[in-house]
Amino acid sequence: MEEKKFDILMLFQIIFVILVMLISIYSKVTENYKLLPLTLILLSITLLIMGLREYKRTQGFLWGIFILCTSLYILFSAVKGIMFN
């Protein structure tokens, strides 16, 4: 059986997932949604890291590129939301 390797991308992914969860819970509890663009930016960084890990793991274009494109779309939406508000 292949041993799971803990790499730096996994550490960053865990950190960003925890940050997204904490900011989302804070926003939901206080009903203060001014932090939504920050949440979306952190979510897009999380998806970017997931896409890089998936591409590195499988060397396949299908899921890695799909996740990277989704990450870029969320980042574009977050930046657009910041600029127009």
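The structure under discussion appears in the preceding block.
Residues numbered from 1 in each chain as written. Predicted model: local features only at pLDDT ≥ 70, side-chain atom pairs only at ≥ 80, totals over all residues. Heavy atoms only, no water.

1. What about helix H1 (residues 8-30)?
Then, in step 1: Helix length check: H1, at 23 residues, gives a terminal C-alpha distance of 33 Å against a target of 33 Å (1.5 Å per residue), a fit within 8%.
Then, in step 2: Residues of H1 that are buried include every one of Leu9, Gln13, Phe16, Val20, Ile23 and Ser27, and no others.
Then, in step 3: Buried residues belonging to H1 abut helix H2 (36-58).
Then, in step 4: Directly after H1, the chain includes Glu31, whose backbone phi takes a positive value near 55 degrees. (Helix = DSSP H or I, 4+ residues; strand = E, 2+ residues; numbered from the N terminus. Expected span 1.5 Å × (residues − 1). Buried < 20%, exposed > 50% of the residue type's maximum accessible area, 1.4 Å probe, protein only. Contact = heavy atoms within 4.5 Å.)

2. Describing the side chain of Gln13
Then, in step 1: With respect to the secondary-structure elements, Gln13 resides in helix H1.
Then, in step 2: The exposure class of Gln13 is buried, given its relative accessible area of 15%.
Then, in step 3: Those residues in contact with Gln13, other than ones at most four positions away along the chain, are Thr46, Ile49, Met50 and Arg53.

3. Quick look at the nonpolar core
Then, in step 1: Of all hydrophobic cores here, the largest spans six residues; its members are Leu9, Phe16, Val20, Ile23, Leu42 and Ile49.
Then, in step 2: Those elements that place two or more of their residues in this core are H1 and H2.
Then, in step 3: Per-element accounting of this core gives the leading share, four residues, to H1.
Then, in step 4: Those residues in contact with Ile49 that lie beyond four places of it in its chain are Leu9, Phe12, Gln13 and Phe16. (Core = buried A, V, L, I, M, F, W, Y, C linked by side-chain atoms within 4.5 Å.)

4. Some remarks on the pattern of salt bridges
When the charged atoms of two side chains lie near each other, side chains of opposite charge can form a pair.
Then, in step 1: Evaluation of the coordinates by the stated rule reveals two salt bridges.
Then, in step 2: A salt bridge links Asp7 to Lys56, with the nearest nitrogen and oxygen atoms 3.5 Å apart. Separated by 49 residues along the polypeptide, Asp7 in the segment before H1 and Lys56 in helix H2 bring together distant segments of the chain.
Then, in step 3: Between Arg57 and Glu54 there is a salt bridge, with its nearest N and O atoms 2.9 Å apart. (Salt bridge = Lys/Arg side-chain N within 4 Å of Asp/Glu carboxyl O.)

5. So, the environment of Lys80
Then, in step 1: Locating Lys80 in the fold gives a position in helix H3 (residues 61-84).
Then, in step 2: For Lys80, a relative accessible area of 43% gives the class partly exposed.
Then, in step 3: Along the backbone, Lys80 and Pro37 are 43 residues apart, and their C-alpha atoms lie at a distance of 9.2 Å.

6. Considering H2
A turn of α-helix holds 3.6 residues, and therefore any two residues three or four places apart point the same way.
Then, in step 1: Here H2 spans 32 Å end to end across 23 residues, near enough to the 33 Å set by a 1.5 Å rise per residue.
Then, in step 2: Thr39, Leu42, Ser44, Thr46, Leu47, Ile49, Gly51 and Glu54 are the residues of H2 that are buried.
Then, in step 3: At the exit of H2 stands Gln59, carrying a positive phi of roughly 55 degrees.

Geometry only, nothing functional implied.
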